[in-house]
Amino acid sequence: MLYVVALGVAAVLCYILLARRNARLYQLLSGQFPGPRPFPIVGNLLQLGFTPDAYLRTLLKWFKQYNYKNICLWAGPLPYIMFVENNYVEHILSSTALTYKYEPYNLLYPWLGSGLLTGNGHQWAVRRKLITPSFHFRILRDFLHIMNETSGRFMKLLEHESEAAQGAAFDVQALVNRNTIDVICETAMGTRVNSIEGRPSPIVGAIDSLCHIISERVFSLFKRSDSFFKCTRLYKQQQQALMTLRTEFAQIIEQRRRLLQAASYEAPQLDDDLLDAKRPKMAFLDNLLTAEVDGKPLTFEEIFEEVSTFMFEGHDTTASAITFAIWCLAWSPDAQQRAYEEQARMYATADGRERDPTHQELQDMKYLDLVIKETLRLFPSVPFIFRTMREATTILDKHLPKDTTIGLPILAIGHCPHSFEAPYEFRPERFEAAERTKANAFDNVPFSAGPRNCIGQKFALLELKVTLSKLLRRFHILPAPLAKQTIAQVFDHTYMPGPQELRLHLPITLKSLSGVPVRLQRR
Ligand code: HEM
């Protein structure tokens, strides 16, 4: 009995302390940042809605309602300051001091540990230096081989699906994911999983499961807490998925280590001719296996974290970008025609439609570049990023207490009507050089910028261009017949999507809950 009373008193005391702390914090922040009024304990979580697509729509409503000014939102007792205004975005992303990540990346720790995406401090800087050579131009050329081969298989899959659909619309989102999974498994680990051919892979299943679990936790007041989460069935699923990945990766790492040690195989040097057909293709894993930090090789744990980071960050993001580019092209026939004409000019010979693009040709696809930029402005694969202030910090004229989490809503930044005229029109031409000189470099940051920018940007752009180039040459991309939704309606919180229309949500990266249906017609 005494025990219960003591527990009750402790709970009341904790509540009073938390409420007082929050009242002080609220006073300090609400004076500087507008935003929807939070409720005690739950903050703004209940106002966000109760379905994954409602969360995103409500967030977008708030950015519009506050005229794309910086705002403060409360995830339970935690304030999130969302910086949308250009000069603040520039200040934060350019800073070498504001690079620390904690909330909500901590949800990824059990999986990605201190890998490059989630790591911090000295360890992050050492790893970034170590991994940067993996994206050297010559290695990307080697990866281009893999991307070309994979996209060829992907085109066959699309042909098969469009024939099976007999002119009706079908969902490309899940299919594109199979393409990018195959690319990342082979480039990151040197392993073919043949997901395009529909072969079930334990690795793919485990990654899917982990992405799903993390997205369930992000907006849940209770599941975010580790103690509560550990009592749920999701935790068991997470442990199982992690165990699968560890077992599978351990085998792959061992095989690769043996291959590297074999007399016939020399560890890849950047000066080698990497296109030598006899040599096994360079994988990102090879760099990790041959690397040393302070004279010691990386441990299994360190290699596991980095390979996991690349497997996750390197396929989900590109899948989202390719999928939404296909959707945008379907709904923008003029842009599609210009993009096709560029391809037709470059591949005018008889074998042109099927031929693999070379690295130089990909660099020359200037209009396709604009299409990709415009797609990522409207549908950034990573719609929100965050930083945590390790000490009281002043950002231009804003004063933030220690431990504040700040968010950069890449999605809202790219939709801002103060930066982009008619932001909900798909106009690749707006990124042509002459137009851009007027605009600020930080008004569209799909790959982030500054010291913690996306290390895989060039890799991603190669993959996007290879896939879209082949797709444009082979197919007319047409919208789903029942869909009537405009881009503005995709992002409008009052619009209820109908059949074959997009219902965006945020399972970490941007996706559509209802799939992304389009029609493909052979050219
Ligand atoms: C269209 C595709 C992609 C987009 C839009 C994208 C976007 C981003 C963004 C916005 C960040 C910053 C994240 C943050 O600050 O929390 C980031 C970081 C990162 N990206 Fe990408 N990414 C893409 C593709 C890739 C690919 C293909 C890879 C690897 C093969 C990759 C690996 C990484 C890594 C490791 C980081 C962390 C870098 C660091 O903090 O040092 N990304 N990416």
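Residues numbered from 1 in each chain as written. Predicted model: local features only at pLDDT ≥ 70, side-chain atom pairs only at ≥ 80, totals over all residues. Heavy atoms only, no water.

Q: I'm lost on the coordination of the iron atom of the ligand in this one. Help?
A: Ideal values for angles at a metal depend on the geometry: 109.5 degrees with four tetrahedral donors, 90 or 180 degrees with six octahedral donors. Counting protein donors around the iron atom of the ligand gives one, C454 (SG), at 2.3 Å. With respect to the helices, strands and loops of the structure, C454 is situated in the loop between α17 (433-436) and α18 (457-474). (Donors = N, O, S within 2.8 Å, 3.2 Å for Na, K, Ca; no water. Helix = DSSP H or I, 4+ residues; strand = E, 2+ residues; numbered from the N terminus.)

Q: Whenever I open this one, the sheet that holds strand β1 (residues 71-75) confuses me. Can you help?
A: Within a sheet, adjacent strands bond to each other through the backbone by hydrogen bonds, running parallel or antiparallel. Strand order in the open sheet made by the four strands is β1-β2-β9-β6, with mixed pairing throughout. Only two strands of the sheet have a single neighbouring strand rather than two, namely β1 and β6 (385-388). Taken pair by pair, the neighbouring strands of this sheet meet at an average axis angle of 30°, ignoring direction. Where strand β2 (residues 78-82) lies against strand β9 (residues 405-408), three bridges are found, and the strand directions are parallel. By the bridge assignment for β9, Y80 is matched with T405. Helix-sheet contacts for helix α3 (residues 86-94) involve β6 and β9, and the interaxial angle to β9 is about 115°. (Pairing = 2+ DSSP bridges. Axes fitted to C-alpha atoms, helices over the stretch in contact; angles between N-to-C directions. Contact = heavy atoms within 4.5 Å.)

Q: Please clarify how α3 should be interpreted in this entry.
A: Every α-helical turn comprises 3.6 residues, leaving residues that sit three or four positions apart pointing alike. For α3, the set of buried residues is N86, Y88, V89, I92 and L93. Relative to the axis of α3, the buried residues are bounded by an arc of 160° and lie together on one face. Looking at the buried positions of α3, the neighbouring elements they touch are β6, β7 (393-395), β8 (398-400), β9 and α16 (410-415). (Buried < 20%, exposed > 50% of the residue type's maximum accessible area, 1.4 Å probe, protein only. Arc of directions from axis to C-beta.)

Q: What am I meant to see in the environment of H493 here?
A: Within the secondary structure, H493 sits in the loop between α19 (487-490) and β11 (504-505). Taking the relative accessible area as the measure of exposure, H493 reaches 31% and is therefore partly exposed. Separated by 439 residues in the primary sequence, H493 and A54 have C-alpha atoms spaced 7.8 Å apart. Not counting residues up to four positions away in its chain, the partners in contact with H493 are R57 and K61.

Q: Honestly, the pattern of salt bridges in this entry has me stumped. Any pointers?
A: It is possible for side chains of opposite charge to pair when their charged atoms get near one another. Here the structure, examined in full by the defined rule, presents 30 salt bridges. Ionic pairing is found between E149 and R153, a salt bridge with its closest N-O pair at 3.4 Å. Residue E149 and its partner R153 are both found in helix α6 (residues 137-165); the two are separated by four residues, about one turn of the helix. Residue classification places R153 among the buried residues on the basis of a relative accessible area of 11%. One network of salt bridges, in which partners are shared, links E149, R153, D182, R192 and E197. (Salt bridge = Lys/Arg side-chain N within 4 Å of Asp/Glu carboxyl O.)

Q: What exactly am I supposed to notice about a nonpolar patch on the surface here?
A: A surface patch of nonpolar side chains, amounting to about 360 Å² of accessible area, comprises Y3, V4 and L7. With respect to the helices, strands and loops of the structure, Y3 is situated in helix α1 (residues 2-30). Judged by its relative accessible area of 62%, Y3 is exposed. (Patch = residues over 30% accessible without salt bridge, like charges linked within 9 Å, V, L, I, M, F, W, Y side chains within 5 Å. Areas by Shrake-Rupley, 256 points an atom, 1.4 Å probe, with all protein chains shown as cover.)

Q: Would you take a moment to explain the site of the ligand for this structure?
A: Neighbouring the ligand are 28 residues, the closest being Y105, W124, R128, E313 and C454. Between the ligand and the protein, one listed contact pairs an oxygen atom with a backbone N or O atom of L116 at 3.3 Å. At 2.7 Å, a side-chain N or O of R128 approaches an oxygen atom of the ligand. Those elements giving two or more residues to the shell around the ligand turn out to be α5 (121-131), α12 (300-331), β6 and α18. (Near = heavy atom within 4 Å. Polar contact = N/O pair within 3.5 Å; in protein donor to acceptor, adjacent residues only side chain to side chain.)

Q: Would you take a moment to explain the UniProt feature "binding site: heme" (unreviewed entry) in the protein chain for this structure?
A: In this structure's numbering, the residues bearing the UniProt feature "binding site: heme" (unreviewed entry) are C454. When its relative accessible area of 23% is taken as the criterion, C454 is described as partly exposed. (UniProt positions renumbered as here; feature names shortened; annotations may be inferred.)

Q: When you look at the nonpolar core in this model, what are you seeing that I'm missing?
A: Burial of nonpolar side chains together is a common tendency in soluble globular proteins. Residues F83, W111, M189, M311 and F379 are the most contacted members of the largest nonpolar core, which totals 153 residues. Per element, the largest residue contribution to this core is 16 residues, and it comes from α12. (Core = buried A, V, L, I, M, F, W, Y, C linked by side-chain atoms within 4.5 Å.)

Q: Which parts of the structure should I look at to understand the pairing of β1?
A: Taken residue by residue, a regular strand's side chains alternate between the two faces of the sheet. The buried count for β1 comes to five of five residues, which makes it a mostly enclosed element. Alternating positions in β1 separate into two faces, I71, L73 and A75 on one and C72 and W74 on the other, with burial throughout. Count of turn residues in the β1/β2 antiparallel hairpin: two residues, of which G76 carries a positive phi of about 65°.

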